[in-house]
Amino acid sequence: MENIYGTRSHKIRNLIKIYKKSSSKIFFVEGIKEFEMAIRGNYFPMEIFICKKIFYKYNIIKSFNHIVFFISIKAFKKLAYRENSGGIIALFKRKNLERLENIKIPKNPFILILDGIEKPGNLGAMLRIADAVGVHFIILCNIKTYIYNPNIIRCSLGSVFTNKIIIEETNSIISWLQKKKIEIVVTGFHEKSIQLYRTQFYSRLAIVLGSESKGVSPIWLNIAHKIITIPMFGDIDSLNVSNAMSIIIYEVLRQRNYN
């Protein structure tokens, strides 16, 4: 007879404690798509928790039967970060991210640099957009949230596991970009700003975006090759940062592939 763990079990109580540690070396992945993306990104689960009343896609866990545990629907709802996640929650061990000095860049790199993004939902959405466009890799500086925050995982649809992501200090990033002769294009309002649709992007390119509340750090404005803004025609003078990013990088994509 299968053992089904409920909310009072020692295992579930320990899981709830782990779930609350946002900077732990282990993290939770909730949802079928997100689990599949974690596996694709070469992350390996430590334990997998299945609610049989909800879960249906047993083929994705057939290689991990020895670490599968069945839990009650009440226990699953206690653990679940959101509704409609498909009845699966898995515990993963984090792995080391890419190192800037080890990155092999392509001939015409397209790099995204995110400076001080605060909201996990925004960061997750931006990772998802970067994946859709085919950004070669993403560099995070002044990071304000845990990279495996459940909201980042959810909003990125698991692309946080498959994107090439580097976390580095700002000065090191700038030095590396300059050494590699990569054009640095920064978003923000400045006396030297030019409109997005009047900007010609070079083939070796890094786009820098900052947080909604503070924008990019001043050092980026000082060293930028170009500073760009998105034209605005209404009473609102700013966009959600993930929306702004979409507009900018799809213009880059248009110039690269459709001119």
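Residues numbered from 1 in each chain as written. Predicted model: local features only at pLDDT ≥ 70, side-chain atom pairs only at ≥ 80, totals over all residues. Heavy atoms only, no water.

Colleague: Where do I start with the overall build of the protein chain in this structure?
Modeller: Looking only at helices and strands, the protein chain has eight helices and 12 strands in total. Counting only C-alpha atoms, the protein chain reaches 70 × 45 × 35 Å along its principal axes. In the protein chain, buried positions account for 49% of the 259 residues. Carbon and sulfur atoms make up 49% of the accessible area of the protein chain, which totals about 14,000 Å². With 38 positive and 19 negative side-chain charges, the protein chain shows a separation of 8 Å between the mean positions of the two kinds. (Helix = DSSP H or I, 4+ residues; strand = E, 2+ residues; numbered from the N terminus. Buried < 20%, exposed > 50% of the residue type's maximum accessible area, 1.4 Å probe, protein only. Areas by Shrake-Rupley, 256 points an atom, 1.4 Å probe, with all protein chains shown as cover. Lys, Arg positive; Asp, Glu negative; His and termini not counted. Charge placed at Lys NZ, Arg CZ, Asp CG, Glu CD.)

Colleague: Is there a simple way to explain a positive patch on the surface in this structure?
Modeller: Residues Arg-8, Arg-13, Lys-17, Lys-74 and Lys-78 make up a contiguous surface patch of positive charge. Those elements that provide at least two residues to the positive patch are helix H1 (10–19) and helix H3 (73–79). A residue is classified by how much of its surface remains accessible, and Lys-74, at 59% relative accessible area, is exposed. (Patch = residues over 30% accessible without salt bridge, like charges linked within 9 Å, V, L, I, M, F, W, Y side chains within 5 Å. Salt bridge = Lys/Arg side-chain N within 4 Å of Asp/Glu carboxyl O.)

Colleague: Whenever I open this one, the nonpolar core confuses me. Can you help?
Modeller: Looking at soluble globular proteins, one finds that nonpolar side chains tend to be buried together. Ranked by internal contacts, the top residues of the largest apolar core, which has 55 residues, are Phe-35, Ile-48, Phe-161 and Ile-207. With seven residues, the single largest contributor to this core is helix H8 (residues 241–257). Sequence-distant contacts of Phe-161, that is, excluding residues within four places in its chain, are made with Phe-27, Val-29, Glu-34, Met-37, Ala-38, Gly-41, Tyr-43, Tyr-148 and Ile-153. (Core = buried A, V, L, I, M, F, W, Y, C linked by side-chain atoms within 4.5 Å. Contact = heavy atoms within 4.5 Å.)

Colleague: Hey, could you run me through the sheet that holds strand S12 (residues 226–229) in this one?
Modeller: Backbone hydrogen bonds hold the strands of a sheet together, and the pairing may be parallel or antiparallel. Reading across the sheet, the seven strands line up as S8-S7-S6-S11-S9-S12-S10 and stay open at both edges, with parallel pairing between neighbours. The two strands at the open ends of the sheet, each matched to only one other strand, are strand S8 (165–167) and strand S10 (194–195). As judged from the three bridges shared by strand S9 (residues 183–187) and S12, these two strands associate in the parallel manner. By the bridge assignment, Thr-187 is partnered in S12 with Ile-228. (Pairing = 2+ DSSP bridges.)

Colleague: What is the right way to look at the packing of aromatic side chains in this model?
Modeller: Between two aromatic rings, the relevant description is the distance of the centres plus the angle of the planes. The tally for this structure, following the rule as stated, stands at 14 aromatic pairs. Ring plane angle 80° and centroid distance 5.9 Å describe the contact between Tyr-43 and Tyr-148, whose orientation is recorded as edge-to-face. With Tyr-43 in the loop between helix H2 (32–40) and strand S3 (45–50) and Tyr-148 in the loop between strand S7 (137–141) and helix H5 (150–155), this residue pair connects regions lying 105 residues apart in the sequence. As far as burial versus exposure is concerned, Tyr-43 and Tyr-148 are alike and both buried. Arranged with centres 6.0 Å apart and planes meeting at 65°, the rings of Phe-137 and Trp-176 form a pair that is edge-to-face. On the criterion of sequence distance, the pair formed by Phe-137 in strand S7 and Trp-176 in helix H6 (residues 170–179) is long-range, its members being 39 residues apart. Per residue, the accessibility class of Phe-137 equals that of Trp-176, and both read buried. One aromatic cluster is present, formed by Phe-27, Phe-35, Tyr-43, Phe-64, Phe-92, Tyr-146, Tyr-148 and Phe-161 through successive ring pairs. (Phe/Tyr/Trp six-rings, centres within 6.5 Å; stacked < 30°, edge-to-face > 60°.)

Colleague: In this structure, what is going on with the sheet that holds strand S2 (residues 26–30)? I would like to understand it.
Modeller: Here five strands make up an open sheet; going across it, the order is S1-S4-S3-S5-S2 and the pairing mixed. The open sheet has two free edges, formed respectively by strand S1 (4–5) and S2, since each of these has just one partner strand. Judged from the two bridges that link them, S1 and strand S4 (residues 68–71) form a sheet pairing that is parallel. If you follow Tyr-5 over to S4, its bridge partner there is Ile-71. With respect to the sheet, H2 is in contact with S2, S3 and strand S5 (88–93), its orientation differing from that of S5 by roughly 25°. (Axes fitted to C-alpha atoms, helices over the stretch in contact; angles between N-to-C directions.)

Colleague: Just checking my understanding: could you explain the pairing of S5 for this structure?
Modeller: In summary, the side chains of a regular strand alternate between the two faces of the sheet. Of all six residues making up S5, five are buried, and the element is well covered by its neighbours. Across five bridges, the pairing between S3 and S5 is antiparallel. Directly across from Pro-45, in S5, lies its bridge partner Phe-92.

Function cannot be inferred from these measures alone, as they are strictly geometric.
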